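Spelled out from the first residue to the last, the chains are:
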Amino acid sequence: MPLALPPIVTGISPIEGVPGTKVTIRGENFGNRPEDLIGLTICGVDCLMTAEWKTSNKIIARSGAGNGKGDIIVTTLHGSRGTSTVQFKGYQETMGPLKESAVWVDETIFLNMAFGRKRPMSPTSVLQDDPLGLSVEGNDQKVLEEDLEEMFPGYSGDLTSVKFSPEWFLLENHLSTSFEDLRAGLSCLRRKVEAQKEGQISFLKANVGSVIEQLDTLQELKCKFESDIQEYGRNSTQLLEKSIIECKEEADKLFEDVLQRKDRADGTRNALNVLHRFRFLLYLPVNIERHIQKGDYDVVINDFARAKSLFGDTQVPLFRRFYSEVEKRIEDLQSVLGEQLIRMPSSLEHQKKIIRNLHHLETPGDPAWQCLSAQHEYILHLLMSVRDAHLNREMADHDLGSGGGKTNTGGTGGPRHATPAAKYNKIMMSSVGEWQATAPVRVLMVEEICEVLSTNFPDMWKLSQAYFGGELLPPTAQVDHFKHPRCKDMILELLDVFSGVMRGAIMPLSLHPDGQNFRKYHVWPEVSLDQITSWLPQVLRHVRGCYNTLLTLDLPNDALDVVKELIFDLRVHCLTSLFQQTVEHLRNLHTREKWQLEVDDENGGCTQLPHICENVIVECAQLVRETVLDTSHRETSLVDHPTVRRDILTLIHNVIVAFAQSLEKLSLRDPDEDFGDCHVSENAPGIEAQLLITLSNCAFMRRSILPRLSDSLVRASYPQDEVKEAVKQASRTYRELQDRLFEAYLEERVDPIIGMIERSMYLGHYDWEKVDHPPTDVRTYVKEILINITHVHAEVVGVWPGLVGGLVGRVVEGVGEEMSRLIACVGKWSKYGILQAHTDLAALTAVLRNHISSAASASFQEAIEMLPKLSAAEERVKEEVLQGFRSKMRFLLACFLELEPGTPRFVQLPTRTIM
């Protein structure tokens, strides 16, 4: 072994003391164990016997009888003799009258002390009295102690020290004393010594009797010893020993029989003592059975461990027999604990306790892994059992015709008019009993399966963590890391089954058609969208709660991703289903039309349907935002997913357009269609008024509702670009619907007006060729045209004044085309017939001048050009007739003057659309 560094002492505490002082020595290289310390000297005195090695840097020892300053030298086994950078000062303790001492101390100085004012204040002052009898007062000159130690190495100025140096004493105490005084002091010292000698002789004289008696006793002992030698010789002890042995042999002969009986009694007594001593083993089999029945397994394990340590290796047949019985009982206990270990359900602490007990009993195999596998099978069985029980219940309900769900008959307006948001709010407001009674079977299954996984899976995961952490293994066993993949597969299998059961019940379309899971989990009967959609937020809440429980377990990411993907798909499914159900609700909104018109000067007239549509869409969007779009911990944001953003655009567009489809059903239905599902109100107006009101509702949606919807959806955290695009596309749909309603209304109103012109013009077999008198008034067919147009005007103004320009203008276009056709069909004209035709056309164009578009103006101009021109006299007659017409028909003509030239029109005639 290589030599270590020599020890070095760098510090001591205290730095001085009397012999026996406890000294703490600090330094370096004091060895690595107590055996390495082989030598320790303090001030040249060996102190190894009192040394106590603490660390390689610390030793505690007692100082020896060294006097003065000296080094502390440590010697180690491999580092040899060391050095010291500090010194310890040893000194002899001065004995006083109050201090105990093992040697005689001359106390005459204390006995001769005078009492009173001359009595010294302390023993120290007495002990320091000068032996020369000289006064030291005024002796201020001193020699430094360091100089004295250098001049007299190894000596001291202490009178009680064995190394006392008179020179040291004189230099220290009498440096200034004169030689004559020192001679006088020497004489005083000699007198003191002589006085002490005289005192010893006096002591002997006073006790001479005792001394003589002691000498006589010693003389008597000497004589007795010499007489014994003469009588017995110098080996008297051998003769005594021989006599004792002879006595013993004789005694054995006399008491041999008694001693044999005593030996047998002692043997019997010893056997009884042994039986009493080892009754623990003899009673142990019965005690084990009793404790097993009570469930006190810890007591059994402790007793078995004790018996094994005492009798495990015994060769005594009786003990082996009883110990084998104990082992049989322990095997029975191992079987009982093994059955309890795999019996489920069981708490985690109970399972850990059983596993530890089996380890203490040295059970073969791996109990912890068996428990983990049993727990996996138990949870898997629970999941499938819950699924099968609810599936059988729903199949039975489906066979009976209920479709596997309950119909919600509560709420305002019945289930037909209940929105998804209203249904969800009613679900949240219901009590537990109502919720259980009305919830679909598969929703109840979701709640129970989430509860099963949240309750049982954490214990299994914690058990696996404790197993692979070595907590559930015997002290000598090692963790089998090859079981890690199997454990991970069990965890993933449970979560895959959980996900598959959820997908099969709630969203079977998310299962891959070609996969095994599709055949395994796609077993639920199909249900209508209305039965399950309103419960999807509740389903999502249960799954999220289960996911939050899993997040607290610190599972691996691939295990959490299974449930994370399930939640993502469920959120998308919930988003889609809520919007789709809202679409279906809005498509049937026409059944709630009451045809009660509310006129607003700013927005025109509309019914409650547009406002109902807006409220339904906003409620749906708010419900989706609160239950689906809001992201919980470690969930993927839907609005940031590109595919979901496109789906949101489509869903928002569809839900807005659904109301347009409802409006189309309301007014543009086929006349031969069965009206049974439309629920037409008893107070419904005519088809023309219905078209006009619907047209106003459609225009109100474009002008007011769609911008408000766009703002509401953006505020609800929906992606702005997709919302704007969806509203823009929906606006085009409403515009197309508006154009169709416009044309339908015109078809209902213009055709009758145009159809009556020819009939009214030739009423009474009127013939333009046979007119033989000048006109006195505008003909009746012109007035009838104006009255019919006035009726259209009044009808439009009552609903939406903004449509007057467009609708009346289109009626005037039809009238102009019909007038041009009828004029062109006249073969011959009389003089007054021409004048009458000019007058009629002039009356129409004058009254309708504010409603004549360029197309209508061209038609009227074409009709006028087909007539011969009038002379100046005829022009005056025409003006007179027109003047009378205006005077007589002023009330009728007043309604045509409300739309003055320059007033902005809401309808642009060339494009036939409403702004």
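Coordinates for the structure precede this section.
To keep things clear, this report deals only with the structure shown in the data block. (Residues numbered from 1 in each chain as written. Predicted model: local features only at pLDDT ≥ 70, side-chain atom pairs only at ≥ 80, totals over all residues. Heavy atoms only, no water.)

### Comments concerning the overall build of the chain
In terms of regular secondary structure, the chain is built from 31 helices and 15 strands. Burial analysis of the chain (915 residues in total) assigns 42% to the buried set. The long-range share in the chain, meaning contacts at least 24 apart out of those at least 6 apart in sequence, stands at 74%. (Helix = DSSP H or I, 4+ residues; strand = E, 2+ residues; numbered from the N terminus. Buried < 20%, exposed > 50% of the residue type's maximum accessible area, 1.4 Å probe, protein only. Contact = heavy atoms within 4.5 Å.)

### A short note on the sheet that holds strand β3 (residues 22–28)
Remark on secondary structure: sheet strands pair via backbone hydrogen bonds, oriented parallel or antiparallel. Here five strands make up an open sheet; going across it, the order is β6-β7-β3-β1-β10 and the pairing mixed. Each edge of the open sheet is held by one strand with a lone partner, namely β6 (52–55) and β10 (83–84). One ladder, built from five bridges, connects strand β1 (residues 8–13) with β3; its direction is antiparallel. Bridged to V9 within β3 is G27. (Pairing = 2+ DSSP bridges.)

### Observations regarding the pattern of salt bridges
Charged atoms that come close allow side chains of opposite charge to pair. The final tally for this structure, using the stated rule, is 28 salt bridges. Taking the shortest distance from any N to any O, the salt bridge between R821 and E758 comes out at 3.1 Å. In this pair, R821 sits in helix α27 (residues 804–825) while E758 sits in helix α25 (residues 720–761), placing the two residues 63 residues apart along the sequence. For the salt bridge of E818 with R821, the shortest nitrogen-to-oxygen distance reads 2.5 Å. In this pair, E818 and R821 both sit in helix α27, three residues apart, roughly one turn of the helix. (Salt bridge = Lys/Arg side-chain N within 4 Å of Asp/Glu carboxyl O.)

### Some details on the pairing of strand β11 (residues 87–90)
Only one face of β11 is buried: it carries F88 and G90, and the other face, with Q87 and K89, is open. Relative to β11, strand β2 (residues 16–17) runs parallel, the two sharing two bridges. When the bridges of β11 are listed, E16 appears paired with K89. With four bridges joining them, strand β8 (residues 68–76) and β11 adopt antiparallel strand pairing. Bridge pairing in β11 places K69 opposite K89.

### What to know about the side chain of D303
For D303, the position within the fold is in helix α10 (residues 297–311). The class for D303 is buried, based on a relative accessible area of 19%. If near-sequence neighbours (up to four positions away) are discounted, D303 is found in contact with F280, L284 and H291.

### Looking at a nonpolar patch on the surface
A surface patch of nonpolar side chains, amounting to about 400 Å² of accessible area, comprises V211, L215, L218 and L221. Tracing the backbone through its elements, the reader meets L218 in helix α6 (residues 208–232). (Patch = residues over 30% accessible without salt bridge, like charges linked within 9 Å, V, L, I, M, F, W, Y side chains within 5 Å. Areas by Shrake-Rupley, 256 points an atom, 1.4 Å probe, with all protein chains shown as cover.)

### Some words on the nonpolar core
The biggest cluster of nonpolar side chains holds 196 residues, and the ones touching the most others in it are I656 and Y718. For this core, the element with the most residues is α25, which contributes 17 residues. The contacts of Y718, once residues within four sequence positions are left out, are F579, C620, A621, V624, R625, L629, I648, I652, L713 and V723. F30, I42, C47 and V74 belong to the second-largest nonpolar core, a separate cluster that totals 16 residues. (Core = buried A, V, L, I, M, F, W, Y, C linked by side-chain atoms within 4.5 Å.)

### Here's the deal with unusual backbone geometry
Between S13 and P14 the backbone carries a cis peptide bond, its omega angle lying at -5 degrees. One can find P14 in the loop between β1 and β2. Along the chain, M344 connects to P345 via a cis peptide bond; the corresponding omega equals 0 degrees. Tracing the backbone shows P345 in the loop between α11 (317–342) and α12 (348–360). Despite not being glycine, N29 shows a phi value in the positive range, around 60 degrees. Structurally, the position occupied by N29 is in the loop between β3 and β4 (37–42). Classification of N29 by relative accessible area gives partly exposed; the value is 28%. Positive phi outside glycine occurs at S717, with the angle close to 75 degrees. Inspection of the secondary structure puts S717 in the loop between α24 (687–715) and α25.

### A closer look at the packing of helix α17 (residues 484–506) against helix α20 (residues 536–551)
As a packed pair, α17 and α20 sit with axes 13 Å apart at the nearest point and diverge in direction by 175 degrees. Regarding the angle of α17 to α20, the classification is roughly antiparallel. On α20, the residues touching L495, F498, M502 and I506 of α17 are L536, V539, V543, C546 and L550. Of the residues assigned to the contact of α17 with α20, the class counts are nine nonpolar, no polar and no charged. (Axes fitted to C-alpha atoms, helices over the stretch in contact; angles between N-to-C directions. Parallel < 35°, antiparallel > 145°, perpendicular 65-115°, else oblique. Nonpolar A, V, L, I, M, F, W, Y, C, P; charged D, E, K, R; others polar.)

### Regarding the environment of L37
Within the secondary structure layout, L37 lies in strand β4. As a C-alpha pair, L37 and A51 span 14 residues in sequence and 8.7 Å in three-dimensional space. The contact partners of L37, leaving out residues within four places of it in the chain, are L48, A51, W53, I59, V74 and T75.

### A closer look at α20
The end-to-end C-alpha distance of α20 is 22 Å, a good match for the 22 Å that 16 residues give at a rise of 1.5 Å each. Counting buried positions over the 16 residues of α20 gives twelve, a clear majority of the element. (Expected span 1.5 Å × (residues − 1).)

### Quick notes on the packing of α11 against α12
At a minimum axis separation of 10 Å, α11 and α12 run at an interaxial angle of 150 degrees. As summarised for this structure, α11 and α12 are arranged roughly antiparallel, according to the angle between their axes. Along this stretch, α11 crosses α12, giving a crossing that reads as left-handed. The segment α11 lies against α12, with Q334, L337, G338, Q340 and L341 engaging H350, Q351, I354, I355, N357 and L358. Broken down by class, the residue content of the contact of α11 with α12 amounts to five nonpolar, six polar and no charged. (Left-handed = near helix turned anticlockwise from the far one by under 90°.)

By themselves these figures say nothing about function.
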